[in-house]
Amino acid sequence: MKIVSWNVNGIVACRRKGFLRFLSDTKPDIVCCQEIKTQCPLNTPGYEQFWNPSQEPGKSGTLILAKQPPLSWTIGFGIDKFDCEGRLITLEYKDYYIVNVYVPSIHPHNAPDRPDFRLEWDTALREYIVKLSKPVVLCGDLNATRAYIDSYPDNGKNEPDTPFFRSEVREGLEKLISVGLVDAFRVLNPNKEGAYTWWGPKNKNRAKNRGSRLDYFLLSGELLSFVQSIKFHKEILASDHCPISMLFYPVKPKREMDDDDMTAVWRSIDSSSLHRSNLIAGGSHFVSL
């Protein structure tokens, strides 16, 4: 299974710039889009469409395209003050949930109450994930740069002027991960530098790779062994973000995991420098990928 996450910065504009061609070329099974800005006709044969546009046209909104119909799907948290912006869609499958999120950003020109709104939204997302009854594949634009390695050096120098690198924003991301999620790309690539997914509207920043990693796959720990690879499609220029894709092969364990198995899995998750080979060895009780 191939899952794609992409902040399209307006689905209408992205469609005009090659969105459908990207789908045809890469053939993902699930596509999670953020910042769609509006709902529009989209010709996607073979995919079911799940829309959650903002109540205010021209802002935020999310969309999932899925080849396999889910058991159920929902939008939002069930909290009006957050759900009106269309920032969350959940698809339920037999063994896991797919959660597409577009986390609110903080900018210097925002209303004074917007930073507090962001922190409250982070808390709502964390509480929502904890309540889900199955493992989770959460993906999307989290509007946060997790660490210095995830940003071009100049981007993190002046924290108050760098909304993605503010202490409270990074703390919110770490709290989300702490509920049992894994930053799959960083676990598989612990020391990789220059791995960015957003460069802003200035083409010169992208040409010089002066970007930040704002787009993530966060997985429940027990799903990590099913990840084969994660790719950043930097050559796709239809948005100021690039699409990211994950090859993911969810299979059932050969047997039920006992306490020793679970201990081994969680130890592997906690080691940020663990290499791919160790992860596979640590998860050897699973069916081979």
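Here the structure is a predicted model, which is why all the values come from computation and not from measurement.

Undergrad: For helix H4 (residues 114-131), give the residues involved together with the corresponding values.
TA: For H4, which comprises 18 residues, the first-to-last C-alpha distance of 26 Å matches the rise-based estimate of 26 Å (1.5 Å per residue) to within 8%. For H4, the full list of buried residues reads Arg-114, Pro-115, Phe-117, Arg-118, Trp-121, Asp-122, Ala-124, Leu-125, Arg-126, Tyr-128 and Ile-129.

Undergrad: Any details on the side chain of Glu-35? Residues and values, ideally.
TA: Here Glu-35 is to be found in the loop between strand E2 (30-34) and strand E3 (48-52). Lys-37 provides the closest opposite charge to the buried, unpaired Glu-35, separated from it by 4.1 Å. A polar contact is formed between the side chain of Glu-35 and the side chain of Asn-7, at a distance of 3.1 Å. Glu-35 has contacts with Asn-7, Val-8, Asn-9, Gly-10, Ile-11, Ser-60, Gly-61 and Tyr-102, leaving out every residue within four places of it along the chain.

Undergrad: For the packing of H4 against helix H5 (residues 167-177), give the residues involved together with the corresponding values.
TA: Interaxial distance between H4 and H5 falls to 10 Å at its minimum, and their mutual angle equals 5°. If you check the angle between H4 and H5, you find them roughly parallel. On the side of H4, the interface is formed by Arg-118, Leu-119, Asp-122, Leu-125, Arg-126 and Ile-129, while H5 contributes Glu-168, Val-169, Gly-172, Lys-175 and Leu-176. Looking at the contact of H4 with H5 residue by residue, the classes come out as 5 nonpolar, 1 polar and 5 charged.

Undergrad: Describe the nonpolar core, listing the residues and the values that go with them.
TA: Counting residues in each nonpolar core, the largest one holds 33 residues, and the members touching the most others are Ile-98, Leu-219, Met-246 and Phe-248. Elements that contribute at least two residues to this core include exactly E2, strand E4 (62-66), strand E6 (88-92), strand E8 (136-141), helix H6 (184-188), strand E10 (215-220), strand E11 (227-232) and strand E12 (244-248). Excluding residues within four positions of it along the chain, Leu-219 makes contact with Val-136, Val-137, Gly-180, Leu-181, Val-182, Ala-184, Val-227, Met-246 and Phe-248. Judged by nonpolar contacts, the second largest core, of 26 residues, contains Val-103, Ile-129, Val-136 and Leu-138.

Undergrad: I'd like to hear about the pattern of salt bridges, residue by residue, with values.
TA: A full pass over the atoms with the stated rule returns 12 salt bridges. For the salt bridge of Arg-213 with Asp-150, the shortest nitrogen-to-oxygen distance reads 2.8 Å. Taken together, the residues Arg-213 in the loop between helix H7 (203-207) and E10 and Asp-150 in the loop between E8 and H5 connect sequence positions 63 residues apart. Arg-213 sits in the buried class, given a relative accessible area of 0%. As a salt-bridge pair, Arg-213 and Asp-183 come within 2.8 Å of each other at their nearest N and O atoms. Here Asp-183 lies in strand E9 (residues 181-183) and Arg-213 lies in the loop between H7 and E10, a separation of 30 residues in the sequence.

Calculation rules
- Residues numbered from 1 in each chain as written.
- Predicted model: local features only at pLDDT ≥ 70, side-chain atom pairs only at ≥ 80, totals over all residues.
- Heavy atoms only, no water.
- Helix = DSSP H or I, 4+ residues; strand = E, 2+ residues; numbered from the N terminus.
- Expected span 1.5 Å × (residues − 1).
- Buried < 20%, exposed > 50% of the residue type's maximum accessible area, 1.4 Å probe, protein only.
- Lys, Arg positive; Asp, Glu negative; His and termini not counted.
- Salt bridge = Lys/Arg side-chain N within 4 Å of Asp/Glu carboxyl O.
- Polar contact = N/O pair within 3.5 Å; in protein donor to acceptor, adjacent residues only side chain to side chain.
- Contact = heavy atoms within 4.5 Å.
- Axes fitted to C-alpha atoms, helices over the stretch in contact; angles between N-to-C directions.
- Parallel < 35°, antiparallel > 145°, perpendicular 65-115°, else oblique.
- Nonpolar A, V, L, I, M, F, W, Y, C, P; charged D, E, K, R; others polar.
- Core = buried A, V, L, I, M, F, W, Y, C linked by side-chain atoms within 4.5 Å.

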